[in-house]
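Coordinate inspection notes
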Amino acid sequence: MREIVFDTETTGLDPKTGDRMVEIGCIEMVNLVPTGATFHAYFNPERDMPAGAEAVHGLSASFLADKPLFRELAEDLLAFVGDAPLVAHNAGFDFGFLNNELALCERDPICTSRMVDTVALAKKRHPGAKLSLDALCTRYGIDRSHRVKHGALLDAELLAQVYVELKGGRQIGLELAATRHVEIVTEVSEIIAVRQASGPRREPRPHAASAEELERHRKFVAGLENPLWG
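Described in the following lines is the structure provided in the data block. Owing to the predicted nature of the structure, the values given are computational and were not obtained by experimental measurement. (Residues numbered from 1 in each chain as written. Predicted model: local features only at pLDDT ≥ 70, side-chain atom pairs only at ≥ 80, totals over all residues. Heavy atoms only, no water.)

The next thing to look at is the side chain of D155. Structurally, D155 can be placed in helix 7 (residues 152-166). Classification of D155 by relative accessible area gives buried; the value is 3%. Residues in contact with D155, not counting those within four places in the same chain, are D7, E9, L133, R147 and H150. (Helix = DSSP H or I, 4+ residues; strand = E, 2+ residues; numbered from the N terminus. Buried < 20%, exposed > 50% of the residue type's maximum accessible area, 1.4 Å probe, protein only. Contact = heavy atoms within 4.5 Å.)

The next point concerns helix 5 (residues 118-125). Because an α-helix packs 3.6 residues into every turn, residues spaced three or four apart end up facing the same way. Taken residue by residue, helix 5 has T118, V119 and A122 as its buried positions. Around the axis of helix 5, the buried residues are gathered within 100 degrees of arc, so they sit on the same side. Each element contacted by the buried residues of helix 5 is listed here: strand 4 (86-88), strand 5 (115-117), helix 6 (133-139) and helix 7. Taking the backbone nitrogen of V119 as reference, a side-chain oxygen 3.0 Å away marks D117 as the first, capping residue of helix 5. (Arc of directions from axis to C-beta. Polar contact = N/O pair within 3.5 Å; in protein donor to acceptor, adjacent residues only side chain to side chain.)

We now examine the packing of aromatic side chains. This model, assessed by the stated rule, comprises five aromatic pairs. Between Y42 and F63, the aromatic rings sit 5.1 Å apart at their centres with planes inclined by 90 degrees, giving edge-to-face as the arrangement. In this pair, Y42 sits in strand 3 (residues 33-42) while F63 sits in helix 2 (residues 61-64), placing the two residues 21 residues apart along the sequence. Residue class for Y42 comes out partly exposed when judged on its relative accessible area of 25%. Over the face of the ring belonging to F80 we find R2, whose NZ or CZ atom lies 5.8 Å from the ring centre. Between the NZ or CZ atom of K67 and the centre of the ring of F63, over which it lies, the distance is 3.9 Å. (Phe/Tyr/Trp six-rings, centres within 6.5 Å; stacked < 30°, edge-to-face > 60°. Lys NZ or Arg CZ within 6 Å of the ring centre and 35° of its normal.)

Attention shifts here to the sheet that holds strand 4. Note on sheets: strands pair through backbone hydrogen bonds, and any given pair is parallel or antiparallel. Here we have five strands laid out as an open sheet, ordered 3-2-1-4-5, and mixed in their pairing. Of all the strands in the sheet, the pair left with one neighbour each is strand 3 and strand 5. Across the sheet, the axes of successive neighbouring strands diverge by a mean angle of 25 degrees, strand direction being ignored. Relative to strand 4, strand 1 (residues 2-10) runs parallel, the two being bridged by two bridges. (Pairing = 2+ DSSP bridges. Axes fitted to C-alpha atoms, helices over the stretch in contact; angles between N-to-C directions.)

So, about the environment of K149. When you line up the elements, K149 lands in the loop between helix 6 and helix 7. The partly exposed category is assigned to K149, whose relative accessible area is 41%. Expressed as a C-alpha distance, the spacing of K149 and G58, which sit 91 residues apart in the sequence, is 6.8 Å.

With that settled, the discussion passes to the packing of helix 5 against helix 7. Their axes nearest at 10 Å, the elements helix 5 and helix 7 cross at an angle of 40 degrees. The angle between helix 5 and helix 7 falls in the class oblique. Remark: the crossing between helix 5 and helix 7 carries left-handed chirality. Between helix 5 and helix 7, the residues in contact are T118, L121, A122 and R125 and L159, Y163, E165 and L166, respectively. Looking at the contact of helix 5 with helix 7 residue by residue, the class counts come to five nonpolar, one polar and two charged. (Parallel < 35°, antiparallel > 145°, perpendicular 65-115°, else oblique. Left-handed = near helix turned anticlockwise from the far one by under 90°. Nonpolar A, V, L, I, M, F, W, Y, C, P; charged D, E, K, R; others polar.)

Note that strand 2 (residues 21-30) and strand 3 share seven bridges and pair antiparallel. Bridge assignment links V30 to a residue of strand 3, and that residue is V33. Joining the antiparallel neighbours strand 2 and strand 3 is a turn of two residues, in which N31 adopts a positive phi near 55 degrees.

Functional significance is not addressed by these values, which are geometric in nature.
Right, dumping it as structure tokens:
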């Protein structure tokens, strides 16, 4: 199963009041395993950057000034995402900004039926616990020491690890290991069978001791002092 874990950074909290998406990071996963394929881009929001938002992600208006507009990369993003489910933390927020950008360049929105919200998953697994990405990383022992500020691709990478844990990651890992062990044993057995079928037939070697060897052994045993079986 192919899924896309993603995160966005924005100029604020509400696209309906003019806030825009300025960064997106996507991680491709197949059967809950990252494939190494990613999509990452910064966008010129065509507006100022509020100080509060810049304090969160560190993206200034001057840094974003020479970045492409969303519409210039929309086709590449949609091609990467394909028809896969989209996993995000507090997914309604990220879907709202992503679909707002798609609407601004006159493209169809991504259906929310494809939305997987890790906050909702965490709430079911850990009712009453803190549900922030930082809190879940701490709960599952995921290293986030390199997360000085929010960043879409970095946060998507952390979220991908959290998502695996929320889906029962350790048990899945054990199942994959067991499956791999069976595959290896099967491969070895097949190799042995092929070699036995194709190699020259050899008569089994005799393993019984000769009369001379038995006599040497008898003399050796007779010469032992205070044997344990004496």
